[in-house]
2 protein chains.
Amino acid sequence: MQFEVETRDPECAARTGRLTLPHGVVETPVFMPVGTQASVKALSQEDLEAIGAQIILGNAYHLYLRPGTETLEAAGGIHRFMQWNRPILTDSGGFQVFSLAEMNKVTREGVTFQSHLDGSRHLFTPEKAIDVQTSIGADIMMCFDECTSYPVPRDKAEESMRMTLTWAEACKRRWLERDPERQALFGIVQGSVYLDLRAECATALAEMDFPGYAIGGVSVGESKEEMVSVVEATAPRLPEAKPRYLMGVGPPEDILEAIERGVDMFDCVMPTRNARNGGLFTSQGRLNIKNAQYARDFRPIDPDCDCPVCRTYSRAYLAHLYRAGEILALRLNTLHNLFFMLQFLARTRDAVRAGRFRAFKRTFLQAYSSRECGIA
Amino acid sequence: MQFEVETRDPECAARTGRLTLPHGVVETPVFMPVGTQASVKALSQEDLEAIGAQIILGNAYHLYLRPGTETLEAAGGIHRFMQWNRPILTDSGGFQVFSLAEMNKVTREGVTFQSHLDGSRHLFTPEKAIDVQTSIGADIMMCFDECTSYPVPRDKAEESMRMTLTWAEACKRRWLERDPERQALFGIVQGSVYLDLRAECATALAEMDFPGYAIGGVSVGESKEEMVSVVEATAPRLPEAKPRYLMGVGPPEDILEAIERGVDMFDCVMPTRNARNGGLFTSQGRLNIKNAQYARDFRPIDPDCDCPVCRTYSRAYLAHLYRAGEILALRLNTLHNLFFMLQFLARTRDAVRAGRFRAFKRTFLQAYSSRECGIA
């Protein structure tokens, strides 16, 4: 993996870069659609290519449970299994072990948990998380981290952060024993909303020298202000020459705040999940296709959008599909929302390259906040 | 509407033809994918074009209830509403009024029923069914018929068949008052499995001179042999120069029997519905992707198939998507099954043109019945 910072905005920490991975080059800042179970919900791989997705996410917890590492190995890895030939990043499953599974016990060794699918018992250690991600074979894998809930007392956050550092060392050791040329490994900063813990964790991880770094444990219920403070306390302590990934973020306005503070990579289920609930992004803000006003509105979702959905279908048709429970509604809404996010990031990159990020941010937010119509 | 019979098989009543409609030419025999609510379930209109669908179905009962004729008229008709620019046929809703709605009363005038969506009360008369279908604006509309269940006593079947004939006259009168150049109207033969009733109904409808004729009231629980007998008693009594449509049929083997007896058009939810339950067609017979044996089977669904799914994805991936409840499973399975049906009809047309329909039928059925693996 190689990362080159290409341009820096003169007024803030925003930057563009090129992340070269075994399956292709990713231009940053980048939004990564979430394909937890080796599928970005409701889309095909052809759809994702058509809208310009550069890299997608998979999840080690889900893929370990189903289809399982033996099947993924037999397929020759996740790229061949799902026929997606561009880069993939897998989350280690740390977050899911804590949020989805019935958790049994956390020790220094790892986490014993019960599958949310069938109640079967499993142990994820840092080493196991790396082994699973090696079987999956994504371009980037993530350290196994302990993700605290929000709010959490300071002593628990500190203990958890130290566990994450211990596990990060174990992950790195295991990764170096495997095939570090084929798959990069990112460290994950924890520490909840305690900025000194975040700073300490970032500094310690930076000393371990990972190919890239993530800010985890956000988007768990904290305020936007707290999230921005965490980024502000963390990003500057991560090596300038390495990519920075803010996990699980987020709405366009949050992404802009993070880019302004030097973040390069984002993922979030919101565009895909909202789409399945009828919530659609437009340059003028969000709308909900379930609202009665769209039933005979024959305009596209967003007259300024050039996506395959807006070029063809009307709000009235999409409203009908949604109400009628047609599966096509899920796909078209998802296609539009992801196109919106990918285009939004592409325009942000252009703005940074042109040295006018803050002007772009102002203009975007002005239009984007001009309307907010009954989002679910 | 124009229909020309192009070739006739020397050994049987199989034939090929060209049906010229306002939105394009349809080569017959043809399979028409079912898009009840202005959407072929799980597919986009681009998908349908890509796999070569020539004409699709809509349903007057469903579309009348949702989105309603006012919306369809405001959109400029169903083609513009759903952005499908090839031919469409709408069923009159006769079958649905009897099978889906809570029925209140059938009189000579028509049927009073309660919507299956919200319990609201509606009256469908033959005239109303034509008016609704005129608002929808499909290339072909169907007469409003009384569809009996199976089995049904002879006297009830006869009474119902006579009602259908009365309604057919009323439909024709109303159709001629509207725009008969823009939309063709097909008569529907009823009479359950009573072959003399079928013959009488066919003869009476033929005298009314419709642009085309359908055989209705099949695929309602009767045996394959009974269905074939009905076709055999009916098709020869329908005008040779007009298209013949067997409603709601069916599996490939039934379609071959009907083509052999002179039928030109088919529709069935089976390929799309089976797909959503994991049942997939192959040249060697059907398979169910849920079966454990496919979990690590990295071959395509059908090695002989050239569809977008078989060209890209493995059985193992499709099995995973299905088990994981991924929406993409529904789309890929549907795309494959419809491609299979459309290709099967294309190959049948080629065989008829080459004067070797019966040899084709034999070869196809031999391969197709060679395996049957746990279909749901």
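Residues numbered from 1 in each chain as written. Chains lettered and ligands numbered in written order. Predicted model: local features only at pLDDT ≥ 70, side-chain atom pairs only at ≥ 80, totals over all residues.

Overview of the packing of helix α8 (residues 195-208) of chain B against helix α9 (residues 224-234) of chain B
Residue and element names in this part refer to chain B.
Link 1 in the chain: Running from amino to carboxyl end, α8 crosses α9 at an angle of 40°, the nearest separation of the two axes being 8 Å. The hand of the α8/α9 crossing is right-handed. When α8 is examined against α9, the residues Leu195, Arg198, Ala199 and Ala202 are found in contact with a partner set consisting of Ser229, Val230, Ala233 and Thr234.
Link 2 in the chain: A breakdown of the residues in the contact of α8 with α9 according to their chemical character gives five nonpolar, two polar and one charged. (Axes fitted to C-alpha atoms, helices over the stretch in contact; angles between N-to-C directions. Helix = DSSP H or I, 4+ residues; strand = E, 2+ residues; numbered from the N terminus. Left-handed = near helix turned anticlockwise from the far one by under 90°. Contact = placed C-beta atoms within 7 Å. Nonpolar A, V, L, I, M, F, W, Y, C, P; charged D, E, K, R; others polar.)

Overview of the interface of chain A and chain B
Link 1 in the chain: Counting residues at the interface gives 31 residues for chain A and 31 residues for chain B.
Link 2 in the chain: Those elements that provide at least two residues to the side of chain A that touches chain B are α3 (69-75), α4 (78-82), α12 (315-323) and α13 (327-353) of chain A.
Link 3 in the chain: The element best represented in the side of chain A that touches chain B is α12(A), accounting for five residues.
Link 4 in the chain: Looking at the side of chain A that touches chain B, its residues break down into 18 nonpolar, seven polar and six charged.

Quick word on the domain arrangement of chain A
Residue and element names in this part refer to chain A.
Link 1 in the chain: Splitting chain A by domain gives domain 1 (2-267) and domain 2 (275-370).
Link 2 in the chain: With centres defined by C-alpha atoms, the gap from domain 1 to domain 2 works out at 27 Å.
Link 3 in the chain: At the interface, 26 residues of domain 1 touch 23 residues of domain 2.
Link 4 in the chain: Those elements that provide at least two residues to the side of domain 1 that touches domain 2 are β2 (15-21), β4 (30-32), α1 (45-50) and α10 (252-260).
Link 5 in the chain: If one sorts the elements of the side of domain 1 that touches domain 2 by residue count, α10 sits on top with five residues.
Link 6 in the chain: When the residues that make up the side of domain 1 that touches domain 2 are grouped by side-chain class, the tally is 15 nonpolar, three polar and eight charged. (Domains from an automatic or database assignment.)

Focus on the relation of the copies chain A and chain B
Link 1 in the chain: Rotating chain A by 180° about the axis while translating it 0.0 Å along that axis superimposes it on chain B, leaving an RMSD of 0.0 Å. The relationship between the two copies is best expressed as a two-fold rotation axis. The position closest to the rotation axis in chain A is occupied by the C-alpha of Ile327(A), lying 3.9 Å away.
Link 2 in the chain: Mapped onto chain B, 100% of the interface residues of chain A are again interface residues, and the two copies thus contact each other with one and the same surface. (Least-squares fit on C-alpha atoms with pLDDT ≥ 70 in both.)

Concerning the environment of Ser370(A)
All names here are of chain A.
Link 1 in the chain: Mapped onto the elements of the fold, Ser370 is located in the loop between α14 (357-368) and β17 (371-373).
Link 2 in the chain: The exposed category is assigned to Ser370, around which 11 C-beta atoms lie within 10 Å.
Link 3 in the chain: Residues Ser370 and Gly285, spaced 85 residues apart in sequence, show a C-alpha to C-alpha distance of 6.5 Å. (Buried ≥ 20, exposed ≤ 12 C-beta atoms within 10 Å, placed from the backbone.)

A word on the pairing of β2(A)
Residues in a regular strand point their side chains to alternate faces of the sheet.
Residue and element names in this part refer to chain A.
Link 1 in the chain: Within β2, five of the seven residues are buried, which leaves the element mostly enclosed by the surrounding structure.
Link 2 in the chain: Direction of pairing for strand β1 (residues 2-8) relative to β2: antiparallel, over a ladder of six bridges. From the neighbouring strand, Thr7 faces β2, where its bridge partner is Thr16.
Link 3 in the chain: Examined bridge by bridge, β2 and strand β3 (residues 24-28) share five bridges and lie antiparallel to one another. Bridge pairing in β3 places Thr20 opposite Val25. (Pairing = 2+ DSSP bridges.)

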